[in-house]
Amino acid sequence: MSEISQKPRFEPGAFTPYAFIMPAIVVMMGGLLYPVVMAFYLSFYDWEIGRKLADAPFVSFDHFVRMVADPQVWEVLWVTIRFGFWTITIEMTLGVALALLLEKPIRGASIFRTIFILPLMVSPVVVGLIWRYLFDARIGWINYYLGVWFGIEPQVWLGDPQLAFFAIVFTDIWQWTPFIFIIVIAGLQALPSEVVEASTIDGANWYQQIFLVKLPMIKSILVIALLMRLIDVFRGLEVMLIMTGGGPGRSTELLSLHIYNRAFDTQQLGYASAISVLLIAIVFGISTVILTMANPMKSKSDV
Amino acid sequence: MTGVVLKNVSKSYGTVNIIPDLNLQIEEGEFVVFVGPSGCGKSTTLRMIAGLEKVTGGQIFIAGRDVTWERPKARDIAMVFQSYALYPHMNVADNMSFALRLAGTDKSEIASRVKLAADMLELTPYLDRKPRDLSGGQRQRVAMGRSIVRDAYCFLFDEPLSNLDAKLRASMRTELALLHKKLDRTMIYVTHDQIEAMTMADRIVIMKDGVVQQVGSPKDVYNTPVNTFVATFIGSPSMTLVPAELHEEAGQLKVKGQGFELPLPDRLKQQAQASGAKVVTLGLRPEHFSAEARTQDFAPVELTVKVAEYIGSSQYLAAELGGASLTAAVEVGPEADLLSDGRYYFDTSRLYLFDPETGAAL
Ligand SMILES: Nc1ncnc2c1ncn2[C@@H]1O[C@H](COP(=O)(O)OP(=O)(O)OP(=O)(O)O)[C@@H](O)[C@H]1O
Ligand SMILES: [Mg+2]
């Protein structure tokens, strides 16, 4: 008789872990996967609110064909890219710089830290409202103080395409720089102090210490921050919706706002779904490229 | 005035005075080990020499230069940290060459120095690896390598071996001693392990609560400890301290404890008489007990053995001599069973006397 022990076919406890993650899976399926699948499904139909989905005519790839040739889609895509470029570049630079500045336990640093993260706690809808009034041409503080301090003529901030674009970029930077700041400072403070000291002994000056030691060591944190901001750029619409509604013209209409307008203003639900599929593809593509180039999950930072 | 000199150095954190007043002269090329219990200020002293910590008062000279307020970079020092502190995002070669690259040394020079250090530390096969793909011992050697390529005037080590297992630690100890021979540089080494201190040091600096207790060669600090702290800190197992009295009997000076009596060696007679002390603290090192009398100085003692531990070449006895508890390390042959109560001998030429009030050696 052989003494080799047999792996049992069925272990009674084997399903326990699955039972525990079941609720999470159900919620994910219902809340995330279902809408995505429905978006794909709808993009092949011409459906309006009020009509039965079953009666909606099947249009095959018509929406996608139309989308590729639609100058409006290209226009808002370009607005989104410009918006993403300016906001993310400035937010990353400013957030990292502030974190490096306030990392040392200098007097008052903790007060500054608290003040800096306040914008993060304001809901986007409220942010939109606050800044809409601040930028208001007649009653806004911005025009008032520009006039009082610098003698600048009142500007129609939200009525001029270029100024409106500047206004939403500015607002986004105001709200999201703290986000970069807070995760970078957490990363910096978790750096082993002996490694930083070793670089001091090796003769690194302030500038070299930052660019050759500290930032490379928190690279995975920077990548995650970048990724989250990128996804947000394609996702967020509340602030623009409230401040400018996408206007004037389409100068502040981001892709997600455009989808919203198509779906609920012009009732083109099928076409809006097709554009959503484009958005999903773009976000998926960008995330994949970033994660392949620098996988934050892979690089354990043990020393 | 070359080497490393600390002059009236003091250090306080706020109102807490960690190091009151430290004076020390370390010769060029010397291997000096700071040893002492946890929290006694060894790392703080080393970090002040490195320039990572500012002094509260006093002066520090390296190679004759007053570097008290110089930045670490300008002190011509290299340092190995307890946690190794390797740059996780650089491979081994880049870790080792970082300082040279910052200093703008030319490429061929860097390559040859890294190669030399890697050969010396047997790291050549790992030059392309990241630190996280190395074992603890290999990381440790990279940390050494990083300081070696610098060719600094003075090398500082803060417990570099404490994260290694016992065997690796012993072999690294030997390698470090060899390294010191080859490089012939001033080295200052911090540890709380007295074996490390004894095996590697030219001179040992024994500290307690920020105060230097004794500076001397391993031989000095073992054979002529200046006080009970040094006497019990150096040596393993520790010296036993027993309260005793001096008295004279038929012209013979003897030291008398509770229930036992030992003759005083010639070495101590004069001091004992000069000090006029009656009450003393007697110090007995475990390794000076023996199963047989080897010389005339060996005096018989009756030990009651509570526990005997088998070590190999010897046995450690937790025993009682009269009313005093002590440890004895008795050499045994291969056939010996666990030792038990009976007559043992103590080498009285090597007993120690201390002032019971101050702890200072007589
Ligand atoms: N930043 C600080 N603020 C206040 N006290 C400190 C600070 N750093 C160290 N100390 C104190 O200074 C004393 C000496 O510390 P140090 O690190 O030099 O000890 P050590 O001899 O290296 O001990 P160990 O063997 O445990 O490493 C300790 O009592 C410690 O609590
Ligand atoms: Mg220490």
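Rules used in this analysis
Residue numbers here run from 1 along each chain, matching the order of that chain's written sequence. To read the labels, note that chains go from A and ligands from 1, taken in the order they are written. Local features in this predicted model are restricted to residues whose pLDDT is 70 or higher, and side-chain atom pairs enter the listing and the counts only when it is 80 or higher, whereas totals over whole chains, interfaces and linings include all residues. Water and hydrogen atoms play no part in the side-chain values, which are based on all heavy atoms of the structure. Two residues form a contact once any of their heavy atoms are found within 4.5 Å. The term buried area denotes the loss of accessible surface (1.4 Å probe radius) that occurs when two parts are joined, taken as the sum for both partners. Criterion for a salt bridge: a side-chain nitrogen of Lys or Arg within 4 Å of a carboxyl oxygen of Asp or Glu. For this analysis, a polar contact is any N or O atom pair within 3.5 Å, provided that within protein one partner can donate a hydrogen and the other can accept it, and provided that sequence-adjacent residues contribute only side-chain to side-chain pairs. Comment: elements are numbered from the N terminus, with helices defined as DSSP H or I runs of at least four residues and strands as E runs of at least two. Here the rule is simple: two strands pair whenever DSSP picks up at least two bridges between them. Axis definition: a line fitted to C-alpha atoms, limited for helices to the stretch in contact. Angles are taken between N-to-C directions and run from 0 to 180 degrees. Patch membership is restricted to residues that have no salt bridge and whose relative accessible area is over 30%. Joining uses 9 Å for like charges and 5 Å for the nonpolar side chains Val, Leu, Ile, Met, Phe, Trp and Tyr. Residue-level accessible areas treat just the shown protein chains as cover; the underlying method is Shrake-Rupley with a 1.4 Å probe. The predictor rates its confidence in each residue with pLDDT, a number between 0 and 100.

### Focus on the interface of chain A and chain B
At the interface, 18 residues of chain A touch 24 residues of chain B. Of the roughly 2000 Å² buried where chain A meets chain B, counting both sides, 61% is carbon and sulfur surface. When the shortest N-O distance is used, the salt bridge between A:Glu197 and B:Arg47 registers 2.8 Å. Our count for the chain A to chain B interface comes out at 8 residue pairs in polar contact (both at pLDDT 80 or more). When residues of the side of chain A that touches chain B are traced back to their parent elements, those giving at least two are α8 (193–201) and α9 (206–217) of chain A. Considering each element in turn, the side of chain A that touches chain B owes the most residues, 7 residues, to α8(A).

### A short note on the sheet that holds strand β13 (residues 260–263) of chain B
Residue and element names in this part refer to chain B. Ordered in space as β13-β12-β11-β14-β20, the 5 strands form an open sheet in which the pairing is antiparallel. Two strands bound the open sheet, and with one partner strand each, they are β13 and β20 (352–354). Taking the axes of each pair of neighbouring strands and ignoring which way they run, one obtains an average angle of 40 degrees across the sheet. Across 6 bridges, strand β11 (residues 240–249) lies against strand β14 (residues 279–284) in antiparallel orientation. Its bridge partner lying in β14, Glu245 is registered against Val279. The strands touched by helix α9 (residues 266–275) are β11, β12 (252–257) and β20; relative to β12, the strand with the most contacts, the crossing angle is about 80 degrees.

### Here's the deal with a nonpolar patch on the surface
A surface patch of nonpolar side chains, about 1300 Å² in accessible area, is lined by A:Phe15, A:Tyr18, A:Phe20, A:Ile21, A:Met22, A:Ile25, A:Val26, A:Met28, A:Met29, A:Leu32, A:Leu33 and A:Val37. Following the sequence through the fold, A:Met28 ends up in helix α1 (residues 16–42).

### Observations regarding the sheet that holds strand β9 (residues 203–208) of chain B
All names here are of chain B. Ordered by their spatial adjacency, 6 strands build an open sheet running β6-β7-β8-β3-β9-β10, and the pairing between neighbours is mixed. The sheet is open, and its two edges are formed by β6 (77–80) and β10 (211–216), each paired on a single side. Each strand of the sheet is rotated relative to its neighbour by a mean of 15 degrees, with strand direction disregarded. Here strand β3 (residues 31–35) pairs with β9 via 4 bridges, running parallel. Following the sheet pairing, Val32 is matched in β9 by Arg203. Each of β6 and β7 (154–158) is contacted by helix α4 (residues 136–148), which is oriented at about 175 degrees to β6, the strand it contacts most. Across the face of the sheet, helix α5 (residues 166–183) comes into contact with β3, β7 and β8 (186–191) while running at roughly 160 degrees to β8.

### Details of the confidence of the model for chain B
Residue and element names in this part refer to chain B. Confidence along chain B averages 89 in pLDDT terms, with 100% of residues attaining 70 or more. Summarising per-element confidence for chain B, the mean pLDDT is lowest in α9 (78) and highest in β3 (95). Among the prediction metrics, the complex's ipTM stands at 0.81, with pTM recorded as 0.81.

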